[in-house]
Amino acid sequence: MAASKPVHVLQLYPRDMNIYGDFGNALVLQRRLQWRGYEPILHSYDPEDEFPEQVDVVIGGGGQDSGQDKIQQDLLRIGDKLHRLAEGGTPMLMICGLYQLFGHSFRTREGREIKGVGILDLHTEGTDTRLIGNVVAESAEFGEILGYENHSGQTYLGPGVQPLARVTRGEGNNAKDSYEGARFKNIVGSYLHGSLLPKNPAIADFLIAKAVENRYQEQIQPQIEPAGTGQPVEELTRAARATATRRPR
Amino acid sequence: MSRLPTSPRRLGGTLSSLGSVLIGRAARTVTKLRGGGGSAFPGLVVEKLDPHFLARTLHRLPRGVIVVSGTNGKTTTTKMVVELLQGQGLKVFTNRSGSNFTRGVVASILEEVRLTGKLDADIAVLELDEAHAVHFVKAVRPNHSLLLNVMRDQLDRFGEIDTTAGMLRTIAAHTVEAVVLNREDPRVRAIAGTLDTQRVDYFGLSESLRSHFPSDDDFHSGPAGAADHPHADVVLEELTEGGGRFTIDGEAVTTSLSVNGAYNTFNAAAALAVVRQALGEAVNPQALIDSLSKVSPAFGRGESLTVQGRPLDLVLVKNPSGFRLGLSSFAAEGVATMIAINDNYADGRDMSWLWDVEFASLAEQGVRMVSGVRAYDMALRLKYDDVDFDAVEPDLSLALTRFLDENPDKPARIFCTYTAMLALRKRLSAYTEVEAF
């Protein structure tokens, strides 16, 4: 394996925003990079840490409301850096809590306004209802997307972003329209954990492809196969996806 | 039931315990005659007719009521507390049926109460589901509460860990005398700061064991510093072969246990602490240790069975920290491993948690069989951790047969979620004697 091509993966706030197996997203990116001969380097960024110089992919997860409070000031502090990366086409995956805070604002149930970093044209409103359960959604870009949602904030998209997918089972962004997630430049925002990337490798490979294209101006190999015996990973993924679509909400 | 009064609330205040007991028993008889095994209906009838029945009956007990709650380990710990108290010569009332709702408790009382409404017991020990405990403690204020932990496996029920912690806070606030808290769980430990009048005791782990019991919080940030850990009455110092070494009120005690697994050994510390708190000076320490060594595991929790002449361990896994601890407390070497993951309501439907468990410790030996509704999610998880497995068979029954047939001479270990364990246990009764549920 040629270990000479590093790809820098930045995980935002793993200490406070990482409650729904978001670590799985980091792991899947690392493994799928390795399987293609790249050397993943995972950076964890928590409040007050030094922001890494090299960043090729950014991922962020969900947290509790209390976790959002802890990171919010710091997120605004590094907002300019994130904006520059986003504008420059750096691929990003933001799930649940950080998806919300990548928008303009989060108005809590009590009417308090939490300022987001404003990279995605969307806003979120706190509600008394939690949207919880398995989700199936259709995306023209990535095909069928599967995951699990658990959020009381409901998100509404502005004209500056596209929805990630249209929900066929579950709620998605809010209880009113049938959209799930957001797409803007090379950013994917979504409420789905589960984790998202293991069962939705099309999204994982999109992030990897953009990262490799930006850094090395090359296309990634379409075919991958990890070392080891047993069933191929793509076959297991298909079977896990087939099960997920059949499970109750 | 059409002949029962149609407006029970009006009648409620005037009913005597005798009336409630008789009506409750009648309801039970009716339920049984109609072929129902459920305990909820008679409980419901009495609850409607005589809303104070429960509080009145339990408050007559000379030593009051102990409540055990938390997201994990309630059943085993409750069983330990009961047997420790019995070992001290006390008659104990408990909700054995596993029905941990208020109605289930009422129904359990109806089974054992005298017609006068007097329960033949010295003390009650009740396992209460967090969500129901909140209602229960407002009706029946317990004398002592033992609060075990707040783990992440309840998120699809309660939304947030902090919500669950709030329920445990309510239990503590409604407890009359004293609470026992898990010093190692930051959310449980923090409850102490919200209490005004209750005495607080702790159970805990030695510093060397803390890294062995990773919590969901410190998976990514490392364990909290020792500085904010208050003194604990009972500390689990060390896991020994088949038991543990504890410090109880400053004295070192080593004992064997019939339950297996590090979590159950830690649960023993919790049980010791609450019994010591409830009995105070009257406790007989030697009898306490003797009873502890004899407590058999609650059904399905760390059970060791003998199947076709070789040992088979069932290890219940419900959340990332539980699974991580299960993997670290049993060596994989020389053992055939099966993993069975279901996502039924009682297991939790959200599969995210599998990605917060590291399976590298299984890499060298591999996994013989992956099963359960979510077998392919589990297999995919293993694949991303470079752990080989022989087979994936979602059907639990077929998987178990094949697992046992293909690994005849080795000790076997099955990591399983709750409903997978129920199904496997049922199937295992064909091979060996398994205690009925």
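Note that the structure is a prediction, hence the values are computed from the model and not measured.

**Focus: the overall build of chain A**
In terms of regular secondary structure, chain A is built from seven helices and 11 strands. For chain A, the C-alpha radius of gyration of 17 Å lies close to 18 Å, the compact-globule estimate for 249 residues. The dimensions of chain A, computed from C-alpha atoms along their principal axes, are 55 × 45 × 30 Å. Each of the 249 residues in chain A was classed as buried or not, and the buried ones make up 60%. Sequence-distant contacts in chain A: of pairs separated by 6 or more residues, those separated by 24 or more amount to 68%. Averaging the positions of the 27 positive and the 32 negative side-chain charges in chain A gives two centres separated by 3 Å.

**Focus: the overall build of chain B**
Helix and strand content of chain B: 18 helices and 15 strands. Counting only residues that meet the buried cut, chain B has 59% of its 437 residues in that class. By sequence separation, contacts in chain B at least 24 residues apart represent 74% of the contacts at least 6 residues apart. For chain B, the accessible surface area stands at approximately 17300 Å², while carbon and sulfur atoms represent 50% of it.

**Looking at the UniProt feature "active site" (unreviewed entry) in chain B**
Residue and element names in this part refer to chain B. The UniProt feature table records "active site" (unreviewed entry) at Asp350. Within the secondary structure, aspartate 350 is located in the loop between strand S12 (336–340) and strand S13 (367–371). Note on aspartate 350: relative accessible area 12%, which makes it buried.

**Some remarks on the nonpolar core**
Formed by 96 residues in total, the largest nonpolar core has its most connected members in A:Leu12, A:Tyr13, A:Phe102, B:Phe323, B:Ile339, B:Phe359 and B:Leu382. With residues near it in sequence (within four places) discarded, B:Leu382 still touches B:Ile339, B:Phe359, B:Val367, B:Val370, B:Val387 and B:Phe389. Membership of the second largest hydrophobic core comes to 43 residues, among which are B:Val68, B:Met80, B:Val253 and B:Ala278.

**Examining the environment of B:Asn267**
Along the chain, B:Asn267 falls in helix H13 (residues 262–279). Residues B:Asn267 and B:Val317, 50 residues apart in the sequence, show an inter-C-alpha distance of 15 Å.

**Topic: the interface of chain B and chain A**
With 32 residues of chain B in contact, the opposing surface of chain A contributes 43 residues. Between chain B and chain A, roughly 3300 Å² of surface is buried when both sides are summed, and carbon and sulfur atoms account for 53% of that area. Broken down residue by residue, the surface that chain B buries against chain A is led by B:Trp355, B:Lys383 and B:Tyr384, which jointly contribute 22%. At the surface where chain B touches chain A, the tally comes to three salt bridges. The partner of B:Asp343 in a salt bridge is A:Arg247, with the nearest N and O atoms 2.6 Å apart. Breaking the side of chain B that touches chain A down by element, the ones donating at least two residues are helix H8 (155–158), helix H9 (161–173), helix H12 (218–221), helix H16 (375–384) and strand S14 (389–393) of chain B. Sorting elements by how many residues they give to the side of chain B that touches chain A places H16(B) first, with seven residues. A per-class count over the side of chain B that touches chain A returns 11 nonpolar, five polar and 16 charged.

**Examining the pairing of strand S11 (residues 310–316) of chain B**
Residue and element names in this part refer to chain B. With six of seven residues buried, S11 is to be regarded as a mostly interior element. Two strands pair when backbone bridges link them, and S11 and strand S15 (residues 412–416) are joined in this way by five bridges, in the parallel orientation. Looking at the pairing, leucine 316 lines up with cysteine 416 of S15.

**Overview of a negative patch on the surface**
A contiguous patch of negative charge, built from A:Glu48, A:Asp49, A:Glu50 and A:Glu53, is present on the exposed surface. Tracing the backbone through its elements, the reader meets A:Glu48 in the loop between strand S2 (39–45) and strand S3 (57–60).

**Here we look at the UniProt feature "binding site: substrate" (unreviewed entry) in chain A**
Annotation from UniProt places "binding site: substrate" (unreviewed entry) at A:Arg130. Relative to the helices and strands, A:Arg130 is located in strand S7 (residues 122–139).

**Looking at the UniProt feature "domain: CobB/CobQ-like glutamine amidotransferase" (unreviewed entry) in chain A**
As annotated in UniProt, the feature "domain: CobB/CobQ-like glutamine amidotransferase" (unreviewed entry) corresponds to residues 11–200 of chain A in the numbering used here. The annotated region residues 11–200 of chain A carries 24% helix and 39% strand content, and the separation between its end C-alpha atoms amounts to 19 Å.

**Here's the deal with the packing of aromatic side chains**
All names here are of chain B. A complete count under the given rule lists 11 aromatic pairs over all chains for this structure. On the numbers, 5.1 Å between centres and 90 degrees between planes, the contact of phenylalanine 323 with phenylalanine 359 is edge-to-face. Pair noted here: phenylalanine 323 is in helix H15 (residues 320–329) and phenylalanine 359 is in the loop between S12 and S13, with a separation of 36 residues, a long-range link. As far as burial versus exposure is concerned, phenylalanine 323 and phenylalanine 359 are alike and both buried. The structure contains a cluster of three or more aromatic residues connected by ring pairs, namely Phe323, Trp353, Phe359 and Phe415.

**Thoughts on the sheet that holds strand S9 (residues 251–256) of chain B**
All names here are of chain B. Reading across from one edge, S2-S3-S1-S4-S5-S6-S7-S8-S9 is the order of the nine strands in this open sheet, with mixed pairing throughout. Strand pairing shows two members of the sheet lacking a second neighbour, strand S2 (92–94) and S9, which therefore form its edges. Neighbour-to-neighbour, the strand axes of the sheet open up by a mean angle of 20 degrees, direction not taken into account. Alignment of strand S1 (residues 65–69) against strand S3 (residues 123–127), held across four bridges, turns out to be parallel. Paired with valine 67 across the strands is leucine 126, a residue of S3. In the packing of H13 onto the sheet, the strands contacted are S1, strand S4 (144–147), strand S5 (178–182), strand S6 (199–205), strand S7 (234–240) and strand S8 (243–248), and the crossing angle to S6 comes to about 155 degrees.

**Side note on the pattern of salt bridges**
Pairs can form between side chains of opposite charge once their charged atoms are near each other. Residue and element names in this part refer to chain B. Enumeration over the complete set of coordinates arrives at 28 salt bridges over all chains. In this structure, glutamate 83 and lysine 79 form a salt bridge, with 3.0 Å as the shortest nitrogen-oxygen distance. Of this pair, glutamate 83 and lysine 79 are both found in helix H5 (residues 74–87), four residues apart, which corresponds to roughly one turn of the helix. For glutamate 83, a relative accessible area of 23% translates into the label partly exposed.

**What to know about unusual backbone geometry**
Peptide bonds are, in most cases, trans, and in most cases residues other than glycine have a negative phi. Backbone geometry at A:Lys185 places phi at a positive 45 degrees, although glycine is not the residue there. Within the fold, A:Lys185 resides in the loop between strand S10 (179–184) and strand S11 (187–190). Here A:Lys185 falls in the partly exposed class, since its relative accessible area comes to 38%. Located in the positive-phi region is B:Gln308, a residue other than glycine, with phi close to 50 degrees. Positionally, B:Gln308 belongs in the loop between strand S10 (303–307) and S11.

**A few points about helix H6 (residues 201–216) of chain A**
Residue and element names in this part refer to chain A. The end-to-end C-alpha distance of H6, which contains 16 residues, comes to 21 Å, matching closely the 22 Å that a straight helix rising 1.5 Å per residue would cover. Along H6, the residues classified as buried are Pro201, Ile203, Ala204, Asp205, Phe206, Leu207, Ile208, Ala211 and Val212. Positive backbone phi, at 50 degrees, marks glutamine 217, one or two positions downstream of H6.

**A few points about the confidence of the model for chain B**
Residue and element names in this part refer to chain B. With 80% of its residues at a pLDDT of 70 or more, chain B has an overall mean of 83. Taken together, the stretch residues 1–14 has pLDDT below 50 and engages in 12 contacts with residues farther than four places along the chain or on a different chain. Confidence estimates for the predicted assembly give a pTM of 0.73 and an ipTM of 0.95.

Conventions adopted
- Residues numbered from 1 in each chain as written.
- Chains lettered and ligands numbered in written order.
- Predicted model: local features only at pLDDT ≥ 70, side-chain atom pairs only at ≥ 80, totals over all residues.
- Heavy atoms only, no water.
- Helix = DSSP H or I, 4+ residues; strand = E, 2+ residues; numbered from the N terminus.
- Rg over C-alpha atoms; globule rule 2.2 N^0.38 Å.
- Buried < 20%, exposed > 50% of the residue type's maximum accessible area, 1.4 Å probe, protein only.
- Contact = heavy atoms within 4.5 Å.
- Lys, Arg positive; Asp, Glu negative; His and termini not counted.
- Charge placed at Lys NZ, Arg CZ, Asp CG, Glu CD.
- Areas by Shrake-Rupley, 256 points an atom, 1.4 Å probe, with all protein chains shown as cover.
- UniProt positions renumbered as here; feature names shortened; annotations may be inferred.
- Core = buried A, V, L, I, M, F, W, Y, C linked by side-chain atoms within 4.5 Å.
- Buried area = accessible area lost by both parts, 1.4 Å probe.
- Salt bridge = Lys/Arg side-chain N within 4 Å of Asp/Glu carboxyl O.
- Nonpolar A, V, L, I, M, F, W, Y, C, P; charged D, E, K, R; others polar.
- Pairing = 2+ DSSP bridges.
- Patch = residues over 30% accessible without salt bridge, like charges linked within 9 Å, V, L, I, M, F, W, Y side chains within 5 Å.
- Phe/Tyr/Trp six-rings, centres within 6.5 Å; stacked < 30°, edge-to-face > 60°.
- Axes fitted to C-alpha atoms, helices over the stretch in contact; angles between N-to-C directions.
- Expected span 1.5 Å × (residues − 1).
- pLDDT = per-residue confidence, 0-100.

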